[in-house]
Structure formats: structure tokens, C-alpha cells
Amino acid sequence: MAILYSSTRGGESGVTASQAILKGLACDGGLFVPNEIPVIQGNLADWKDYSYQQVAYEIMKLYFSDFTQEELMNCINNAYDEKFDTTEIVPMVEADGVYYLELFHGATIAFKDMALSILPHLMTTSAKKNNIKNDIVILTATSGDTGKAALAGFAKVEGTKIIVFYPKNGVSPIQEKQMVTQEGDNTHVVGIHGNFDDAQTGVKNIFNDKELAAYLEEKGYQFSSANSINIGRLVPQIVYYVYAYLNLMKEERISLGDKINVVVPTGNFGNILAAYYAKNMGVPIEQLICASNDNKVLYDFFETGCYDKNREFMLTSSPSMDILISSNLERLIYRICGNDPVKNREFMESLKNTGVYSITEDMKKQLEEYSGGFASEKETAKKIKALYEKTGYVIDTHTAVAAVVYDKYLEKTGDKTPTVIASTASPFKFGRSVLNAIDSKYDSLDDMEQIEELSKVANVAIPNAIEEIKNAPIRHNFVCAKEEMVEEVKRFLQI
Ligand SMILES: *Cc1c(COP(=O)(O)O)cnc(C)c1O
């Protein structure tokens, strides 16, 4: 059965998967959603011994129904290969009674690799299928991890260029170093004076600029997005939730049909939305526990039904979650208002104009499968230390936010359902915060000394992604005001 996509704001419908991937964002500013969420046919137990790649194929073929088997298999095999440092792709570690699903074994040691190692392949395949002759210009706003993962994925990919905007003072030193040392003539990295929301709004405005799009077309270019608003990123993220369930069955931690809970450290709402899709496809997920840091706009939303971004933006030790406008939430809002683009557009317009919207009681009822929680900086650090001291296992700051929220959930509900925590980054990516949490004596060490130390403390080899940047020269040294993003794009494209 062919799955077609339409915009959450009603301006486009009947769009094929490959067209939706190419466009990224719909032309009315909405997000592409499948007309229905496909359900897994047959028995999950039959997939128990499947490799990650096989599960990926089974899931993706349901969404990307205009890709041939060969096209899709090629994309999958080119993505989930030796770039990952383990053949399991997403290993699961049990510590202190919960399962940490390690999503950080790809090229840039954050979970963004799960989708961004395949997106370039999906995109170039989509371009071919649709006879696109233009070069695709990927525009990306990043809170730190998407940027590098997208750069790594698109670098030197024929027929593409990639421009990444990041908040100049809003990412970790390692994240910044990873980005500004990126190789490939088709890559461009720019720091902006502003926060992540400014970067994301700037990029969205560029996408919605029809005149600019026409001008680009004239010059042989067209924009697309590597942000999680692209359906080509969301779908690959569903795979690991299915895989995690299969893995728990295989290890005999659960039996077919048993419920599990998932806890997801959340920013733009992409990762947890993928878990929600997995649930709707038939994976027995009970609660979707949405974990926030001090920027707890989503926690407040799940508590009250009111989304209110009018608040102070906090810089935290989990920068990839420092977000007040969670773009992917729009896909959930659309669904719970009955797939009604008119209603959804009203909420989004209210968000744009006043920074606030409130959902109806009827919509709120449909959110009972979600729980929200948040962790303060202090609680996050305390958790890293406590878990380390109890088990020897070291988690990064984002994962620790989720672990704190899970502890709070457990205390409040007593719900003993087996639980998977999405472990979204390697502790090496946020080494300073992680080590400081364990002991302040490490604070005087420089970044690289800390990496060495962390390797000893965690008893884990230094990942390749870190070794790589140790002596890498800086290749991007650009900063601009948030109002200058269009100029920066034109300058790089020389148009
Ligand atoms: C991007 C990111 C998140 C947030 O994921 P969303 O899909 O934006 O909610 C959490 N942790 C890390 C390490 C990330 O890179």
C-alpha cells in the first residue's frame, strides 16, 4: 500500500515519501506527516533474530513506499556500516534496573547519527527518482549534535551542499570543535549571535522565503532540511525502538506482548515522537516519558495542556535540549486534534504570534500515554555520580536528565514496567560536565586531559570521533548576526 504525505497545515497533500524527503518542510511551513501510521503486520517474534539493517528495512519500507527494495537496501547498507563502532549498531546496557539503549555509536557519537547517516542517501536517491537536476542545499540549525552529524553525513556527497548554523555560545567545546574542523568543500559552518531557537527560526524563515527559493532555482539550487522536521529523519528513528523491543525479547527480559516504558531526553521532540510512532505501529510501549532539563516547556505542557515559550532561555549542561520551540510537537498536535490542519494551524499561529497556545480537554485526554518530567542541573550531576558509584557505568548529561526523570516517575507511580532509557550521547561529548559531576578535582584539567581521564574513569576507550578532532585544523571561522543568515547563505553559494 502506498503511503502518501500531507502537510500538518493543509497546504500540500498526496506527496510521495521521496518528494517529502526532498522538500524537508512543506511550502506552507507545516511538517509532512503520513496519511496514516502503518501498522506492523505479522508477529514481532519472527523478527527476533533480525540484524539492525533488516529491522530498518522492514520499518522503512512501510513509510518510504515509493522506494524500490534495492534503493532502500542500498541506503540502509551505506548508512549502518563500519561508521558505527559496533556491529549491533545500538547496544543495550543494563544498569541499576533500567536498560540504556546506547544510540551514540555512530560517527559523531550522538544519537543524531542514527538518522543522519542515512538521510544523505535517502535524499540523493530521492533526487534521482524525481529527476532533480539542481544541487540540494541542506540548511540546518543545530543545538550542537545535529550539525556535526549532518556535516559528517553530507560532506563530499555529490550534488549537495550543507550549511550549518549553531548558537555561538550555546554548544559544548567538543561540539564546536567537531563542527569547525569539518572537511569537505561542500560544507559551511556558521556561529550566530543568538540561541538555538533563533537559529531554527532563521532557517525556517529562509525555507518560507518564496522569492529566495525562486532565485535559487534560477541558479540551479534548492533547499532542503536535515533537521528532525524532515520525515527522512523521523522514520529511521522509529527503527531503534522496534529493535530495542526485539532485543529485550531475544535476551528473555520480556516476552512477546509485554509492555515496556521508554524515557527520552527531549529537545525538539523528534526522538520521542519516533517512539510514539513505534507504539502506534504496534510495539507494546506503555508510557512515553518525556524528560526535559531546566527548559521545561514540555513538562509544563504535559502538566497543563498549555504550551508557553515565553520564559527565560536557560543554558544548561545538556545543550542539545536547550530548546523552547519543539518543532516536532506539531506532528503530535495535528494528530490529537483529529488530523485537522485548520485547527493545527490556529495553534501554530498562536504560538508564532503570542508564544502560547492551549489545547482542548479532549486533546489533552489523548496525551495520557505521555508523562513529563524535568531535572535540574544539580539533580543531573548528582545522578551521573550516583550511577557511576553504584554501577561503574558513566552516562552523559542528556541521558542523566532522562535517568533523573525516570527516578522521579518511579517514585511517584511505583510502575515497575521494564524501562528503556534512550541514551543519546557518549559521555565523551560532554566530558567536562560529566567529570565535574563525578569529582570537582578534574575541573583544572584541559579538554583533552579530561578525555584521557574520562577514559580511565569509565573504562571505555576514547572514541574515534574524539581522536579525530584532537589535532584537526579549524576550517570554519564564521560568525554572523541572526538577521544575516540569508546573506551568509548567498555568500557561501556565491550567488
Ligand atoms: C538532539 C538531542 C536530544 C534531543 O532530541 P530531540 O529529538 O530533539 O528531542 C537529546 N540528547 C542529545 C544528546 C541530542 O543530541
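Since this is a predicted model, take the numbers as computed values, not measurements.

(A) Local environment of the packing of helix 3 (residues 69–79) against helix 5 (residues 119–129). Close contact between helix 3 and helix 5 brings their axes to 9 Å; oriented N to C, the two are set at 155°. One element, helix 3, and the other, helix 5, form an angle in the roughly antiparallel class. Seen from above, helix 3 lies across helix 5 with right-handed handedness. Residues Glu71, Leu72, Cys75, Asn78 and Ala79 of helix 3 pack against His121, Leu122, Thr125 and Lys129 of helix 5.

(B) A look at the packing of aromatic side chains. Counting across every chain of the model gives 20 aromatic pairs. Their ring planes at 50° and their centres at 5.7 Å tell us that tyrosine 80 and phenylalanine 84 sit as a pair that is tilted. In this structure, tyrosine 80 and phenylalanine 84 share a single accessibility class: buried. Stacked on the ring of phenylalanine 374, the Lys or Arg lysine 296 has its end atom at 5.1 Å from the ring centre. Across from the ring centre of phenylalanine 374, 4.8 Å away, lies the NZ or CZ of lysine 408, which sits over that ring.

(C) How the structure looks around the pattern of salt bridges. The final tally for this structure, using the stated rule, is 25 salt bridges. When the shortest N-O distance is used, the salt bridge between glutamate 94 and arginine 253 registers 2.9 Å. Residue glutamate 94 is located in strand 3 (residues 92–95), and its partner arginine 253 is located in the loop between helix 10 (231–250) and strand 9 (260–265); the two are separated by 159 residues in the primary sequence. Between lysine 259 and glutamate 286 there is a salt bridge; the shortest N-O distance is 3.7 Å.

(D) Inspection of helix 5 at higher detail. Among the residues of helix 5, Leu119, Pro120, Leu122, Met123, Thr125, Ser126 and Ala127 are the ones counted as buried. Phi turns positive one or two residues past the end of helix 5, at asparagine 131, with a value near 50°.

(E) Focus on the pairing of strand 14 (residues 419–423). Here strand 14 lies mainly inside the structure; 5 of its 5 residues are buried. Neither face of strand 14 is left uncovered, since the one carrying Thr419, Ile421 and Ser423 and the one carrying Val420 and Ala422 both have all their residues buried. Relative to strand 14, strand 4 (residues 98–102) runs parallel, the two sharing 4 bridges. Counted as the bridge partner of glutamate 102 is serine 423 from strand 14. Here 3 bridges tie strand 9 to strand 14, and the two strands are oriented parallel to one another. Note on strand 14: the bridge partner recorded for valine 263 is isoleucine 421.

(F) Region of interest: the site of the ligand. Around the ligand sit 15 residues, and of these Lys112, Asp145, Gly267, Asn268 and Thr424 come closest. Within the contact set of the ligand, an oxygen atom lies 3.2 Å away from a backbone nitrogen or oxygen of glycine 270. Threonine 424 is positioned with one of its side-chain polar atoms (N or O) 2.8 Å from a nitrogen atom of the ligand. For the ligand, whose free accessible area comes to 380 Å², the fraction covered by protein is 98%.

(G) How the structure looks around the packing of helix 8 (residues 196–207) against helix 21 (residues 485–493). Their axes nearest at 10 Å, the elements helix 8 and helix 21 cross at an angle of 65°. The handedness of the crossing between helix 8 and helix 21 is right-handed. Contact residues: helix 8 offers Asp198, Ala199, Gly202, Val203 and Ile206, while helix 21 offers Met485, Val486 and Val489. A class-by-class count of the residues in the contact of helix 8 with helix 21 yields 6 nonpolar, 1 polar and 1 charged.

Reading the values: rules and limits
Residues numbered from 1 in each chain as written. Predicted model: local features only at pLDDT ≥ 70, side-chain atom pairs only at ≥ 80, totals over all residues. Heavy atoms only, no water. Axes fitted to C-alpha atoms, helices over the stretch in contact; angles between N-to-C directions. Helix = DSSP H or I, 4+ residues; strand = E, 2+ residues; numbered from the N terminus. Parallel < 35°, antiparallel > 145°, perpendicular 65-115°, else oblique. Left-handed = near helix turned anticlockwise from the far one by under 90°. Contact = heavy atoms within 4.5 Å. Phe/Tyr/Trp six-rings, centres within 6.5 Å; stacked < 30°, edge-to-face > 60°. Buried < 20%, exposed > 50% of the residue type's maximum accessible area, 1.4 Å probe, protein only. Lys NZ or Arg CZ within 6 Å of the ring centre and 35° of its normal. Salt bridge = Lys/Arg side-chain N within 4 Å of Asp/Glu carboxyl O. Pairing = 2+ DSSP bridges. Near = heavy atom within 4 Å. Polar contact = N/O pair within 3.5 Å; in protein donor to acceptor, adjacent residues only side chain to side chain. Areas by Shrake-Rupley, 256 points an atom, 1.4 Å probe, with all protein chains shown as cover. Nonpolar A, V, L, I, M, F, W, Y, C, P; charged D, E, K, R; others polar.

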